[in-house]
Structure formats: structure tokens, C-alpha cells
Amino acid sequence: MAGEDLVKQVQDMLKEETWTRATISNYTKNNLVELAGIVEKIRENSCMDEVLKICDEHLAHTKDSIIALYISGMLSLYKGTLDNSALVSLVDIFQKNHKETVVIYLCETILADDPNNKFALRTLADCYHADNNEKVWELYEKIVKLDFEEADLAKVLAEHYEAESDAETAIEYYKKALLRYIGAKNINLVKETWTKLVQTIPQEIDFFMLAKRKIAKTISGDKSAVLMQELYAWYKDNRKWDTAIDILKQILEIDQHDAWARREIVDCYRGKYQGRDHLEDYIRSSNLTAGFRNVFEAINDFEKHIAFDAHSYVCHRSWGVGIIRKIENDTLFINFGKKYGIHEMSLKMAVNALVPLSNDHIWVLKATKKHEELSKMISEDKAWALKTIIKSFDNSCDFKRIKAELVPAVLTPGQWTSWNSAAKRILESDSTFGVDPNDINMYTVRDHDVSQDTKLSNEFKAQKQFFARIDILMKFVENDETDKSSESFGEMFSYFTGFLRTVSKVTDQVLGAYLIVQKINSMIPNIAYQTKYTFKEIYDRIDNPREMYLMLKDTKNTTLRQDFLADIKLLPDWDKQYVRLFPTVLEGSMLTALVNAGKADMAKQLAVNCFENFKDNRQAVIFFFRECQDDTWFKESGITYEKQLIALINIIEQTFREINNHVNTTENKKVNKGATQLLFKDDALITHMFQNDENTVKRMYTMINDIADIDPSYKALLRNRILERYPDFKFQVTEEKSSVQQHGMIVTAKKLEEKKVQVEHIQSVEIPENSKEIGEARAQGDLKENAEYKAAKEHQHYLNVTLAKLQEELNRAVVFDPTTITTAIVSFSTTVTLHNNDTSEDEKFTILGPWESDPDNSIISYMSPFGNALMDKKVGETAVFSINDHKYNYTVKEINAAKA
């Protein structure tokens, strides 16, 4: 049947329905099956829009038309529109008239086209529930997965699985219910569900801490404190003192005057430190039981004192790690080892001067174990090593601190490299490691394993960077162990969908949220979030797409920039947008797409415009030169090779100028390096010069020579090659000499490595040893008369000055390429024989750099006044110059390559 016939058939059916005044009692499932057949034909014949218009017009004056409601609703569903009001009205009509069979059929039909239609799922679930149909549990599960705010059904499912003796599934649904009741601020059901979970999984402290934070934020801190008392009771009864004390501290943070919590924390301390000689003295002296003192000051005072007990370890900033041998009255006898011996110290002084250490503190291990033994332990059991170090610093430690504890005291820099990579993998994958909720860089150790859901959720909360959060979300999605229907995922996903509810201005975060939601919608269709906006609507609100592209941040698990380009490719004017974006994006696939779409002329014009306006398209010029030389369309663009080379030279000059003016220094250095490498790598510039006449050589060389800041070795390379081809070529060398001296320092590869080793030795050996010497000398007291301290400080100054000088020279160093040696002129790495016109004797000198200079053996630096005066002289030429009032008169007799 043709589309026109279908349109007429629908019109006739609507008229007949109106004339006959068909009542709802006349409709059966079979009537809807017939309508479904008509809808399918409408789809197949592509006349949906016309039929929809007719139905909607009919509903404007006959709102209860079954035919119009059904056809309009199903066609809208097929088109993917968000409005399903027609189907809602239709189902409501049948429900009111107790047509349950029809309602079930309608819902099943809707779900066949849209499996995640929440209205159909809920309506069908109500029908199944009324019929005691076991399929209702499957529907409840799906609803709870789709609707992150549905708490009651989560609780119903929990109770169902509990009755079925499936404790694990029941607990998961109780967790969902609790978190959702918190979000709904339903405190009564929060209490009920909390109690249930405390009875079943009290050991999952991380979950309860998460719930507690949510309650404090969403409902009130007081309510969270009351609930935590219930959890505390289990930890106290099971003598898990550290967690019990931690819970009480959190309760006291909410109300410092909570007398119950204050009494309980004293009981916990008595339980934890049972048997300590001075326990009651410390409780009394800290006023821990006295309400007049600030509770946290009292706790801090008590914990400091109780830590100083016989056989406990302590640390002094100068004497290092020691062990308390005994305590007599208020005097501690502490052994700081062979070097510092036993010290007597009052308890009051110890509290201020010493840091108490646990027996497994990393400092204690470094002080008490042999280096080889500890190094082996650290290397073989990285997870244990990480836990030991992190726990050593109040269970909060960043990777920088971990390295500082191990290198070089336990591991060498070389050992650290491989250890570091393996350790980071453990921190990422091992669920006993977590991060500080307030700082993603600080690692913590848990007392028990947690699910990957919890681990990644905690990382997400601790992470404050938007694009890093996207990376964590994608890590969650791609991890086979995570539950995509969990509250953790729902919260993370909702964070990004929140950016899309109302969009007035498109920022990088709005665009990033759109792209990641779009990606997850395609990966997990059953939780798809329907956005109000199409990509075109989003894109049209972007002020500067090139700038926006750069603001998007790709991460380890995301490719937002590629996703952005893929969406642009679907726009009607994608070709114009590709041309607009290319100078920033620099993706060859964009050019290929233009050419393959028969738009090669647009690619050609793009290239021409970039070379014409090279100042604003420097990266694009570099890309075209490097990547497109062999492409037919580029060859046909009319951009001569010499024009391309000149553009690169101009870019080098422009970037040097901006670098000197401190404008976008990092970016300019990158562009400068890229253009320079293209000119001199594989002899691109030289090959072009020699393929043309001597005038081309002069023109191109002059352009390079006029750039004062360019690496002198490149100019030397050009000169050497030109002289090989044109021995009588005349150069302007005056400016070149000053450029060599001012901007670079040519060195041999061998000497460069020697200097690097010297710098490494100063940094990793001499400076740490010197710091240790200063500390030991300072510990002896009386710095004014302390000769050892003064000597160590003087050596420190020497090391710092030497290191700074070496680092400055390394930054200027340019490695000499031995393949560029020329004997046509006096230059780096040549040995020159000079005839002294005053003494009539021959003298021989080797020209190298300042690092290799050895005047006693006639090795002269090209940067010295003597060496500089000889540079660029040819055989037969005379060199007359003065240095410190001494006149020299030489004739160049012979030039040879210096011996390696």
C-alpha cells in the first residue's frame, strides 16, 4: 500500500471512530494488533510525519481518540522523541476501564520498541504485581537500574532476596535503598535501613562512612552522629579500638560537648592501652574526662603522652631514630644508637622534641634492619612496602613522599624506575589502597578489601579536575568488575548529566559532559540519558570551536577530541567546519575526508591560505610540509617547494623573536624546533639549494645567516656543505662569531656525557652527603665556634655554585656532529698549522670547545679570543690580532680534521 493510501486510510478510520462514537468497551487486544500492523506499514512507507500531523490535529479536538492516541504514540516512540504523553493517556484510559489485558499488551508493545521506557515498565510491573506474576521481580530490578532515585522498590527487592536467602543480593539492594532514602531526606526509612545494614555488614566501614557523609550533607550532622553511635557499638563490642575511636572522634567533631562520646572514648583508650603503666596518669593529666577542656586538645595531649612507653621507638630531628629503654618517674632513657648513645629526657621535653614511631614505621625499619635485607623486602613485596610507608605517615601519603623514603636510602635511582611502575599499578588495582576524599594525590590503606565500585567512586569524589573525573568514569564503565546499576555509577553519571539540564552557554565542561554522556549512552543503552539538545544545537553555541577543541582534554581512557570531530563530521556543513578547525586540530584524516568526499579544492585552498598567512598558521605549515609532500592534491595546490622552505625559515625567525620577548615561550620553542628539524633533517634545505644555481644558494643561506639566534651548528653545517660545492664562496662571518659565543656552546658527545655524570654525582651523592654533614655538625651545638659546621657550609656553597654553572652550560650545550667536519676553513674539531710571521716558526693548534680546552697541550676553545680570531680562516689567509696588548701575526698553512 502506497503512502498516500495509508494517509487516507488513517483519515477514514478517525472519521469512522468519530461518527460511530466507539466506546472503550468495544476495544480488545486484537483491535490494537490491527492498529500495530497499520503503524508498521506507515513506518515502511516513510509517511510518519504526515500521519503524525493528522493524528495530532485530531487529538486537539478529540483528546480520547484511541486510534489517534495509539498511532501518534507509537510513531513518536519510533522517532525517539521524549514526549510519550499520547501513550500515557491511552494506557490511563484502559486502566480506568479495567482493561488489564489491553494494558499489558500495550506496555509490552511499548517495551519492544523502547526497552527502557520507565512509564511502561512501572505500569507493567503494577499489573504483574496485581496478578502475583513472578516476572514482577525482573521488572523491579530493571526499574531500580534505570531510576537512580527509586528507593522503595530497592527496599522491596532487598526484602525479597533476603526471604529467598540470597544475602549478597539483598545487601546490595539495602545499600541502594539507604543511599536513595538519604537523597530523598526520608530520615525514618534511613534509620530503618541503616539498622538493617549495621546488623548484617558492620565491617564495611567505608560504606558507612560514605553514607554518614551524605546524611550530614543532605539531612543534618546531628542525625548522622546518632546513627554512627549504633555502628560504634559493634566496633566497641568486638574490641576494634582504632575504628571505634575514629567513629567517636567524628561524632565529637559534630558536637564537641557530647558527654556520652567523651566518656566512651576514655573507655576505648583504656581498652586499647590496657596494661600500660602510666595509662591512668595520662588520662588524668590530659583532662580527658574533664568537660571544661577542649576535647580535641585533651585527646591530642593524651595520645602524645601514651606513645612514650618503654620499648617504643621515637625520632629526634638531629639524632634520628631511638628506642626508649626505660622510664623512671617522668624521665625517659632513650638509646639513639652507637653515634649518639643514651640520652635522658623529661617526659615534658620528649612530648615537644620527639616524634613517637610505631614498630613497623619505615624510619624504624631503615634504622634497625640491614640495608640489603630491607632492600630485598621492599623489592620483593611492593604492596607491603607501600602499606608500610603510607601507614607511617598517618595513613596519608603521596608518591613524592614514597620516593623520598626509598631513594637513595633503600633503592638506587635505577631500581626505583622499575619499582615505581609496578607500585603505581598496585595502587590502581589493589582495592585495599584508596585515596584521601579531599586530595586525589594522597593514598591511604584500608583494613579490608572494597569493591571496585567503591574504590573508583572514592577516587571520583577526591578528584577535583573535571576531565580527570571523566577518565575515572570511563575506567568504571570499562571495568568488568563494576556494577553499572550501582549508586556509585549513578552519582558519577548524574554529575555529568547535570551539566546538560539547561545549557545557555557551552563551556569546555558542558561539551565534555555532552560527549561523555553520548558515549556512555551508546555503551550502556539501558541507562541512556535523553538530552534536550542535539549536537548541532550544542555546536552552534560554541563561540570559538578551535579554542574549544584545545580546551578538551583527552585522558588515558577517553578520546574526547576524536569524539568531537566525529560529531562534527555528521553536521550538514562538516566540510567548512573541518577547514575551519584544521589549523588547530592538525589531523590528516580531516584532509583525507575532504579529498575522499570530492572536496580536494577545499583542501588545496586551505593549504594555500596557511602558507600565505604562515604567521597565524605555523603548526599547519609544518604539518603540510612534513605530511603532505607526496599527496597528489597538495602537489596540485601550486605552492612551490621554495615557498614552503621560505615559510619555514620565516617561522623560525618569528618564533625566535617572540621567545626573546617572552611571548608564549613554550609553544614557540616547540614550533621553532619542529621547523628547524624539517629544514635540516635529511638535508631538505641543502638539497633544494644544490638542485638550483648559486644565486639560490646565496639567497637561502643569507636568510638563514640573518637569523642571529639559530643554533650555530646548523650554520656551520650549511657553510661546510656550501664550501665543498663552491670552494670560493664568500660568507659574512662577523655576526656569526658573536652569535656562536652568545647563544650556544658546541661540545663533543663524549664530554657532554662526562658533564652529565658529574651533575648526577653532585646531586645524588655529594649534596646528600653534605646535608648529612651539616646536620651532624649542627647537632654538636655552638655553631659560632663549630669548625666542622663552617667547613660543611662552605662546601655546600661550592657545590651549589658548581652545580648551577654546570646546569647552565648543559642548557647551552650543542653536540657537534663529526660528520660535518670540514677542512676548507678553520672550524670546530680541526687541527690548524699556523706559520708565525714574527718568529718564522710553525705552531699547531686543535680547535674544540671550552669543556675540552687544554692550552698546555695546544687545545684551544673556539670561544676564546685566540680561537675566535682563527675561526673561518682558509689556507693562505693571514690572521692579525691582539690579545691583552700582545700582537699575533699568523698565516694559515694547513688545516686537518682533529683526531678523535
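Conventions we followed
- Residue positions within a chain follow its written sequence, with the count starting from 1.
- At least 70 in pLDDT is required for a residue's local features to be given in this predicted model, at least 80 for side-chain atom pairs to be given and counted, and no such filter applies to totals for whole chains, interfaces and linings, which use all residues.
- Only heavy atoms go into the side-chain values, all of them from the structure, while hydrogens and water stay out.
- Counting from the N terminus, the helices are the DSSP runs of H or I reaching at least four residues and the strands are the DSSP runs of E reaching at least two.
- Using C-alpha atoms as the atom set, the radius of gyration is obtained and then compared with a globule rule of 2.2 Å times the number of residues to the power 0.38.
- Accessibility here uses a 1.4 Å probe with only protein chains present; expressed as a share of the type maximum, an area under 20% marks a residue as buried, one over 50% as exposed, and anything in between as partly exposed.
- When checking whether two residues touch, look at their non-hydrogen atoms; a contact exists if any pair is within 4.5 Å.
- By the convention used here, strands pair only if DSSP detects at least 2 bridges between them.
- Here the nonpolar core consists of buried residues drawn from Ala, Val, Leu, Ile, Met, Phe, Trp, Tyr and Cys, with membership extended through side-chain atoms lying within 4.5 Å.
- Interaxial angle, 0 to 180 degrees, is taken between N-to-C directions of lines fitted to C-alpha atoms, where a helix line uses only the stretch in contact.
- We call Phe, Tyr and Trp rings a pair once their centres come within 6.5 Å, taking the six-membered ring for Trp, and we label the pair stacked below 30 degrees between planes, edge-to-face above 60, and tilted otherwise.

Visitor: What's the story with the overall build of the protein chain in this structure? I'm lost.
Guide: Helix and strand counts for the protein chain come out as 45 helices and 14 strands. For 900 residues, the compact-globule estimate of 2.2 N^0.38 gives 29 Å, and the C-alpha radius of gyration of the protein chain, at 40 Å, exceeds that figure by more than 25%. With respect to the three principal axes, the spread of C-alpha positions in the protein chain is 130 × 100 × 40 Å. The burial tally for the protein chain puts 47% of its 900 residues in the buried class. A sequence separation of at least 24 residues applies to 58% of the contacts in the protein chain between residues at least 6 apart.

Visitor: Honestly, the pairing of strand β6 (residues 433–436) in this entry has me stumped. Any pointers?
Guide: As judged from the 4 bridges shared by β6 and strand β7 (residues 439–445), these two strands associate in the antiparallel manner. Directly across from glycine 434, in β7, lies its bridge partner threonine 444. The turn joining β6 and β7, which pair antiparallel and follow one another in sequence, is formed by 2 residues.

Visitor: Before we go on, may I ask you to explain the environment of asparagine 287 in this structure?
Guide: Mapped onto the elements of the fold, asparagine 287 is located in the loop between α16 (279–285) and α17 (295–306). Distance from asparagine 287 to isoleucine 299, taken between C-alpha atoms, is 8.9 Å for residues 12 residues apart in sequence. Other than its neighbours up to four places away in sequence, asparagine 287 contacts Arg262, Phe292, Arg293 and Ala298.

Visitor: How do you make sense of the nonpolar core when you look at a structure like this?
Guide: Soluble globular proteins: nonpolar side chains tend toward being buried together. Among the nonpolar cores identified, the biggest contains 121 residues, and Ile42, Ile71, Phe94 and Trp194 are the most heavily contacted of them. Those residues in contact with isoleucine 42, other than ones at most four positions away along the chain, are Leu6, Val10, Cys47, Met48, Val51, Ile71 and Leu75. With 97 residues, the next largest nonpolar core counts Phe611, Leu679, Phe680 and Ile686 among its residues.

Visitor: How should the sheet that holds strand β1 (residues 313–316) be read in this particular structure?
Guide: Within a sheet, adjacent strands bond to each other through the backbone by hydrogen bonds, running parallel or antiparallel. In spatial order, the strands read β4-β3-β2-β1-β5; together these 5 strands make up an open sheet with antiparallel pairing. A strand with exactly one partner marks an edge of an open sheet, and here the two such strands are β4 (342–346) and β5 (354–357). Going across the sheet, the axis of each strand differs from the next one's by a mean of 40°, ignoring polarity.

Visitor: What am I meant to see in the packing of aromatic side chains here?
Guide: In this description, an aromatic ring pair is defined by two values, namely the gap between the centres and the angle between the planes. According to the stated counting rule, one finds 48 aromatic pairs in the structure shown. With a centroid separation of 4.8 Å and 85° between ring planes, the pair formed by tryptophan 234 and tyrosine 235 is classed as edge-to-face. Aromatic pair phenylalanine 466 and phenylalanine 499: ring centres 5.2 Å apart, planes at 75°, arrangement edge-to-face. With phenylalanine 466 in helix α26 (residues 466–478) and phenylalanine 499 in the loop between α27 (487–497) and α28 (508–523), this pair connects stretches of sequence that are 33 residues apart.

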